[in-house]
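A closer look at the structure
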Amino acid sequence: MKQHDDMSMPTDTQKGKNAVTYTCPMHPEVTSDKPGKCPKCGMELVPKEGKKDHKQMIIAHHEKLIWTHLTNALLGVFLIMAPFTFGYKSSQMIYSDIISGVLLIVFSFLSANPFRLWAPWAASVVGTWLLFAPIIFWAPDASAYITDSIIGILAISLSVLIPEMPGMMKMMMTMPPGPEIPPGWTYNPSSWLQRTPIIILGWIGFFGSRYLTAYQLGYIDHIWDPFFGNGSEKVLTSAVSKSFPISDAGLGTISYTIEVLMGYMGMSNRWRTMPWMVAFFGFLVIPLGVISIVLIILQPVAVGFWCSVCLLTAVAMLIMVPLTLDEVVAMIQFLVKRVKSGKPFWRTFWMGDTIEGEQEDNRTPGFLSPLKKTIPASLWGVNIPWNLLLSTVIGLWWMFYPGNFGVTGAAANNFTTLGALVVTFSVIAMAEVGRAIRFINIAFAAWLIAAMFLLKNVPAQALWNAIISGIIVIALSFPKGRIREKYGTFDKYIF
């Protein structure tokens with residue numbers, strides 16, 4: 001209690017001529033008459049003496065994190081030495097690492113100036129290139145791939161993630177205080193507990209994809225597959241995979257890497273302070289994620305084989321979609337309200353803004369709370385209604401039915417394709433803000449029934465299977481299921 005008492009508003013005496021008020025750079029509403037730490041985020045309080053002191057506050061904050069840029073410079077040195085230390089066989093990778101290392105050193109030292117905002121972004125671009133270089137050049141050395149991957153991740157983290165986005169602190173200091181929970185919502189979709197399962201699933205996808213990439217780049221001779229024998233190798237060497245100019249598994253690894261890093265970015269109010277980042281994150285996970293999920297699940301149609309690790313990464317991505325949807329809705333809802341109130345769209349999109357509402361998130365438990373509280377809190381906004389669970393089961397049945405009951409040709413492709421789509425959209429609809437998506441399954445079920453009638457030489461068992469299970473899917477698409485949370489003005493779109 002004493003710490004909170006210290007964070008009270010200064011008295012009239014303290015507002016005297018020589019009094020100094022301290023505030024948190026991230027939470028301007030927190031003030032104190034003496035130095036200390038913010039009770040909300042633990043950041044050191046800094047003097048608040050008017051706008052002219054923002055420069056000193058930014059410098060003080062930057063000095064505490066200067067080690068990130070110095071470490072990046074050291075990583076640049078490591079990168080320059082790597083080709084000679086590990087004996088790279090590719091001249092393209094040698095030049096890439098040397099040039100990237102020099103650029104990383106230069107941009108890291110330039111980032112020592114807290115007001116040279118472009119320099120950390122430039123360092124992060126170098127880090128992003130390092131993620132792509134090994135798969136673009138089909139690096140023949142595993143050491144080159146692992147070196148570039150690790151240094152690429154660290155370069156991005158140490159330039160714009162750990163020291164915060166360039167310019168973010170200035171925006172936070174000049175932005176009026178605002179709510180952590182979106183107006184009308186019962187929870188904060190940007191809280192760290194909400195992001196934790198997304199980050200964990202992203203890492204699962206990353207390690208799975210990296211394992212597949214190692215095979216495509218020739219670092220390992222065999223892919224372990226507990227269910228489909230050499231199916232994984234058939235998929236990874238198929239004409240579909242070879243049609244990509246670079247390793248498609250490597251491209252998936254980069255996608256998961258960026259998603260994980262973006263999961264770490266921003267404070268717990270990023271739905272209103274960083275709309276652009278939430279939008280980009282949502283774009284990677286939702287539309288691109290759905291496309292990659294369907295493509296992976298349709299391996300039997302496109303290639304004729306299954307891949308266990310591929311399916312694991314698809315499942316991880318599929319679960320990420322409903323967990324991400326609520327934050328994207330909160331961000332869109334915020335932008336719509338700001339634009340309607342007269343705020344410019346693009347400035348709000350890139351710079352963020354504030355909005356009226358409750359100031360604090362008093363509902364989300366801390367990470368040290370019992371698991372019986374933290375695990376449910378990380379899944380707020382998602383539940384599994386019985387009808388969507390059954391629709392998912394039927395979709396899986398359609399996917400595996402042809403191969404186990406001798407159904408072939410176009411009929412088998414329809415079952416597999418539509419089953420994959422039903423599974424995908426049933427799981428997405430488990431997000432409460434996306435519950436209306438379940439009606440799309442009606443079209444898939446009707447499509448399957450019609451296809452079985454229109455196609456020739458369809459076995460009778462397949463026809464009756466499509467009719468009965470299709471009608472069940474249609475019926476299961478009508479119940480809404482329980483909605484536990486509130487979403488402000490978006491509630492009317494949940495039906």
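Please read all numbers here as calculations on a predicted model, not as lab measurements. (Residues numbered from 1 in each chain as written. Predicted model: local features only at pLDDT ≥ 70, side-chain atom pairs only at ≥ 80, totals over all residues. Heavy atoms only, no water.)

1. A look at the overall build of the chain
For the record, the criterion: Here a strand is any run of E in DSSP of at least two residues, a helix any run of H or I of at least four, and the numbering for each starts at the N terminus. Relative accessibility under 20% of the residue-type maximum defines a buried residue, over 50% an exposed one, and the middle range a partly exposed one, all with a 1.4 Å probe and only protein chains included. In this analysis, two residues are considered to be in contact whenever any of their non-hydrogen atoms come within 4.5 Å of each other. In this description, accessible areas are obtained by the Shrake-Rupley approach with a 1.4 Å probe, and a residue is regarded as covered only by the protein chains that are shown. Counted as positive: Lys and Arg. Counted as negative: Asp and Glu, with His and the chain ends omitted from the count. Where a charge lies is defined by one atom per residue type, namely NZ (Lys), CZ (Arg), CG (Asp) and CD (Glu).
Helix and strand content of the chain: 22 helices and 3 strands. The dimensions of the chain, computed from C-alpha atoms along their principal axes, are 90 × 60 × 45 Å. Split into buried and exposed, the 495 residues of the chain put 53% on the buried side. Long-range pairs, those at least 24 residues apart, make up 72% of the contacts in the chain with a sequence separation of at least 6. By element, 68% of the accessible surface of the chain is carried by carbon and sulfur atoms, the whole surface being about 23100 Å². Where the 36 positive side-chain charges of the chain centre and where its 29 negative ones centre are 6 Å apart.

2. Looking at the state of the cysteines
The following threshold applies: For this text, the term disulfide refers to a pair of cysteine sulfurs within 2.5 Å.
Under the counting rule described, the total for this entry stands at 1 disulfide. A sulfur-sulfur separation of 2.4 Å characterises the disulfide bridge that pairs Cys307 with Cys310. Sign of the S-S torsion, about 70° for the bond between Cys307 and Cys310, identifies this disulfide as right-handed. Residue Cys307 shares its accessibility class with Cys310, and that shared class is buried.

3. Thoughts on the environment of Tyr187
Under the convention used in this document: Polar contact is the term for a pair of N or O atoms within 3.5 Å; when the atoms are in protein, one must be able to donate a hydrogen and the other to accept it, and sequence-neighboring residues count only if both atoms are side-chain atoms.
One can find Tyr187 in the loop between α7 (168-174) and α8 (192-216). Sequence-wise, Tyr187 and Arg363 are 176 residues apart; in three dimensions their C-alpha atoms are separated by 7.0 Å. The residues contacting Tyr187, other than those within four sequence positions of it, are Ile181, Pro182, Gln194, Asp326, Arg363, Trp380, Gly381, Glu485 and Tyr487. Among the polar contacts made by the side chain of Tyr187, one reaches the side chain of Asp326 at a distance of 2.8 Å.

4. Comments concerning the environment of Val260
Tracing the chain through its elements places Val260 in helix α11 (residues 248-264). According to the relative accessible area criterion, Val260 is buried, its value standing at 2%. Setting aside chain neighbours within four positions, we find Val260 in contact with Ile199, Gly202 and Trp203.

5. Description of a nonpolar patch on the surface
The test is simple: Note that patches include only residues with greater than 30% relative accessible area and no salt bridge, and the join distances are 9 Å for like charges and 5 Å for nonpolar side chains (Val, Leu, Ile, Met, Phe, Trp, Tyr). In the sections that follow, a salt bridge refers to a side-chain nitrogen of Lys or Arg positioned within 4 Å of a carboxyl oxygen of Asp or Glu.
Among the surface-exposed residues, Phe280, Phe283, Leu288, Ile291 and Leu295 lie close enough to one another that they form a single nonpolar patch of about 480 Å² accessible area. In terms of residue count, the dominant contributor to the nonpolar patch is helix α14 (residues 287-297) (3 residues). Tracing the chain through its elements places Phe280 in helix α13 (residues 275-285).

6. Remarks on the packing of aromatic side chains
The test is simple: The criterion for an aromatic pair is that two Phe, Tyr or Trp rings (for Trp, the six-membered ring) have centres within 6.5 Å, with stacked assigned to planes under 30 degrees apart, edge-to-face to planes over 60 apart and tilted to the rest. Only when the NZ of Lys or the CZ of Arg is both within 6 Å of the ring centre and within 35 degrees of the ring normal is a charge said to sit over the ring.
With the rule as written, the count across this model stands at 29 aromatic pairs. Ring centres of Trp185 and Tyr487 lie 4.9 Å apart, and the angle between their planes is 85°; on these two criteria the pair is classed as edge-to-face. With Trp185 in the loop between α7 and α8 and Tyr487 in the segment after α22 (460-476), this pair connects stretches of sequence that are 302 residues apart. Here the two residues Trp185 and Tyr487 agree in accessibility, since each one is buried. An aromatic cluster of at least three residues, connected via ring pairs, comprises Trp121, Trp276, Phe345, Trp346, Phe349 and Trp350. We note Arg195 situated over the ring of Trp192; from NZ or CZ to the ring centre the distance is 3.9 Å. It is Arg270 that lies over the ring of Phe281; its NZ or CZ is 5.4 Å from the centre.

7. Details of the packing of helix α3 (residues 66-86) against helix α6 (residues 142-161)
For the record, the criterion: A fitted line through C-alpha atoms represents every axis, and for helices the fit uses only the stretch in contact; the resulting angles, taken between N-to-C directions, go from 0 to 180 degrees. Convention used here: angles under 35 degrees read as roughly parallel, angles over 145 as roughly antiparallel, angles from 65 to 115 as roughly perpendicular, and any remaining angle as oblique. When residues are grouped by polarity, Ala, Val, Leu, Ile, Met, Phe, Trp, Tyr, Cys and Pro land in nonpolar, Asp, Glu, Lys and Arg in charged, and all others, Gly among them, in polar.
At a minimum axis distance of 9 Å, the contact between α3 and α6 shows a crossing angle of 170°. Between α3 and α6, the angle falls in the class roughly antiparallel. Listed contacts from α6 to Trp67, Thr68, His69, Thr71, Asn72, Leu75, Phe78, Leu79, Ala82 and Phe86 of α3 are Ser143, Thr147, Asp148, Ile151, Leu154, Ala155, Leu158 and Ser159. Classifying every residue of the contact of α3 with α6 by side-chain character gives 10 nonpolar, 7 polar and 1 charged.

8. Overview of unusual backbone geometry
Positive phi is not limited to glycine here, since Trp138 has a value of about 45°. As for its placement among the helices and strands, Trp138 is situated in the loop between α5 (118-136) and α6. Non-glycine residue Asn457 carries a positive phi angle of around 60°. One can find Asn457 in the loop between α21 (440-454) and α22.

9. Re the nonpolar core
Under the convention used in this document: Buried Ala, Val, Leu, Ile, Met, Phe, Trp, Tyr and Cys residues form a nonpolar core when they are joined through side-chain atoms within 4.5 Å.
Formed by 112 residues in total, the largest nonpolar core has its most connected members in Leu212, Met277, Trp398, Phe415 and Met452. Here this core takes 17 residues from helix α16 (residues 308-340), the largest share from any one element. In this view, Leu212 contacts Ile223, Leu236, Ala249, Cys307, Val309 and Cys310; residues no more than four positions away in its chain are not counted. Of all hydrophobic cores here, the second largest spans 11 residues; its members include Leu79, Leu104, Ala123 and Val126.

Nothing here speaks to function; it is geometry throughout.
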